[in-house]
Amino acid sequence: MAHTDFRTNDRRSLAISDDLRRGNIAAIARALLLEGPLARAELAQKLSLTRATVTRAAAQLIDVGLVREGEARRATSGRPMVPLELDGSRRVVIAVHLGAVELRAGIIDIEGRIITHDVLRYEGTSPAAVSMLVRRAVAGLTEGMSPQMTILGMGATIGGWVDPHSQTIIRFDPLGWRDVNFVDAIPDLGYPRWFDQIVRGIAVAESLFGVARGHQDFVVLWSGHILGSASVWGGSVQRGVRGGAGMIDHLPTGRDHPSCVCGQSGCLGMVATDQAILDAARAGGIPNGGVDSLRSLFRESGEDARLSALIRERAADFGRAARVIAQLRAPELFVIAGLITTHSEYEREFRRALHTGAGVAADVEVRRSEFGGLATIEASAALVIDDYYRDPMAFEASSV
Ligand SMILES: [Zn+2]
């Protein structure tokens, strides 16, 4: 019976073995990205594969030029270990981020290194005008690019409410967009295109190249022009119905402050955006004359005790709101991101508010994103790069 099944399912068995082979290749490439150079024996142990399987899969990765052998390490006993290392410098991705007032674009390799990037102010905010600007930005970046490099695809992100399944930007207030199809804003330049909401992109980037590298279960909390969160669960970013997961503007801070458009008071969105903080600083007379960006506020009033008190208050607001997420999700880790989180007092106060009281929130680790001003470029590229490491051979046309 079993024998007959094997025969009749021959084609299917072949397909499964091909999937397995590609899965092993993907697992090895991803391990080398996340952990750096590893010898074949170390990969076998880490991935629970046989040495023979690792050797075969590694040969294919070496064959396509994604992996090379490094310098032999002296082993404590036995033969020296030859580590395998990624050579991702010739495979690149075009990254595009549609911001509130400007467009950022860059070229980044599949190990997360930014090769070049640019910032362009919008000249018009219609999808067609933005699409033209994307075209110009990409042409500028790719001009004179080394012919040695292969562009694997183009990843693009935007804030607001984005539904990747229906390819729709449901709502992005800074550009006044409602129900805009991605393809109207991101032109077809002959490369495969990826698109998602920016905070979800940041989460993917953090898991590949950032402070959540290798984590399967964490939440990114973003605080900037917009607020947002993105939850990675079992290694996959969660999108929710119509891509609506992660909006945190109406989480309760537990404090009584100005009433929100939603009709409640104490909503996080009323106190934690950059604009809310600038407004509060201005109302509190910090600094004299007023400024129009958080960066200027930090520059001009970095030493002002009133600013420190304001930042501590807003960090605690976010920390208390994050407790709600911690109770629901119990993640291993929160990654906090955005310019405000770089203030010297922010992280400690956020952590203190999150960890106060009983329950799982007290155990969640907190790390600050290290991408800085390049987070949006890393995020956009990560959409493509994550897919690459899920099945490198699908991208390596010559070897499929
Ligand atoms: Zn609200």
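Keep in mind that what you see is a predicted model, and the values were worked out from it rather than measured.

Caption draft 1: Geometry of the sheet that holds strand E7 (residues 150–158). One open sheet accounts for five strands, arranged E6-E5-E4-E7-E11; its pairing is mixed. Two strands close off the open sheet at either side, each with one partner strand: strand E6 (114–121) and strand E11 (193–197). Pairs of neighbouring strands in the sheet enclose a mean axial angle of 15°, with direction left out of account. In this sheet, E11 lies alongside E7 in parallel orientation, the contact comprising five bridges. Within E11, the position partnered with Gly155 by the bridge is Trp194. Relative to the sheet, helix H13 (residues 375–390) contacts strand E4 (91–98), strand E5 (102–109), E6, E7 and E11, its axis offset from that of E7 by approximately 125°.

Caption draft 2: Local environment of the pattern of salt bridges. Evaluation of the coordinates by the stated rule reveals 34 salt bridges. Two residues, Asp386 and Arg30, come together in a salt bridge whose shortest N-O distance is 2.9 Å. Here Asp386, found in helix H13, pairs with Arg30, found in helix H2 (residues 10–35); they are 356 residues apart in sequence, far enough to count as distant. With a closest N to O distance of 3.5 Å, Arg255 and Glu313 form a salt bridge. Here Glu313 lies in helix H11 (residues 305–329) and Arg255 lies in the loop between strand E14 (236–237) and helix H8 (269–272), a separation of 58 residues in the sequence. You can call Arg255 partly exposed: its relative accessible area is 26%. Salt bridges sharing partners connect three or more residues here, namely Arg255, Glu313, Arg314, Asp317 and Arg320.

Caption draft 3: Just the side chain of Glu345, in detail. One can find Glu345 in the loop between strand E15 (333–337) and helix H12 (346–355). For Glu345, a relative accessible area of 16% translates into the label buried. In contact with Glu345, not counting residues within four places along its chain, are Ser308 and Arg312.

Caption draft 4: How the structure looks around the packing of helix H9 (residues 274–283) against H11. The interhelical angle for the contact between H9 and H11, taken along N-to-C directions, is 145°, at an axis separation of 11 Å. Judged by the sense of rotation from one axis to the other, the crossing of H9 with H11 is right-handed. Counting all contacts with H9, which are made through Ala276, Ile277, Ala280 and Ala281, the residues of H11 involved are Leu310, Ile311 and Arg314. Of the residues assigned to the contact of H9 with H11, the class counts are six nonpolar, no polar and one charged.

Caption draft 5: Fine view of the coordination of the zinc ion. Here the zinc ion is held by His250 (ND1), Cys260 (SG), Cys262 (SG) and Cys267 (SG), and the distances to it run 2.0 to 2.4 Å. In this structure, the zinc ion is coordinated by four donor atoms arranged in tetrahedral fashion, with angles at the metal of 98 to 120°. Here the donor residues of the zinc ion share one chain and are spaced in sequence as H-x9-C-x1-C-x4-C. Judged by relative accessible area, which is 35%, Cys262 ranks as partly exposed.

Conventions and cut-offs
- Residues numbered from 1 in each chain as written.
- Predicted model: local features only at pLDDT ≥ 70, side-chain atom pairs only at ≥ 80, totals over all residues.
- Heavy atoms only, no water.
- Pairing = 2+ DSSP bridges.
- Helix = DSSP H or I, 4+ residues; strand = E, 2+ residues; numbered from the N terminus.
- Axes fitted to C-alpha atoms, helices over the stretch in contact; angles between N-to-C directions.
- Contact = heavy atoms within 4.5 Å.
- Salt bridge = Lys/Arg side-chain N within 4 Å of Asp/Glu carboxyl O.
- Buried < 20%, exposed > 50% of the residue type's maximum accessible area, 1.4 Å probe, protein only.
- Left-handed = near helix turned anticlockwise from the far one by under 90°.
- Nonpolar A, V, L, I, M, F, W, Y, C, P; charged D, E, K, R; others polar.
- Donors = N, O, S within 2.8 Å, 3.2 Å for Na, K, Ca; no water.
- Tetrahedral: all angles 85-135°; square planar, octahedral: opposite > 155°, others 65-115°.

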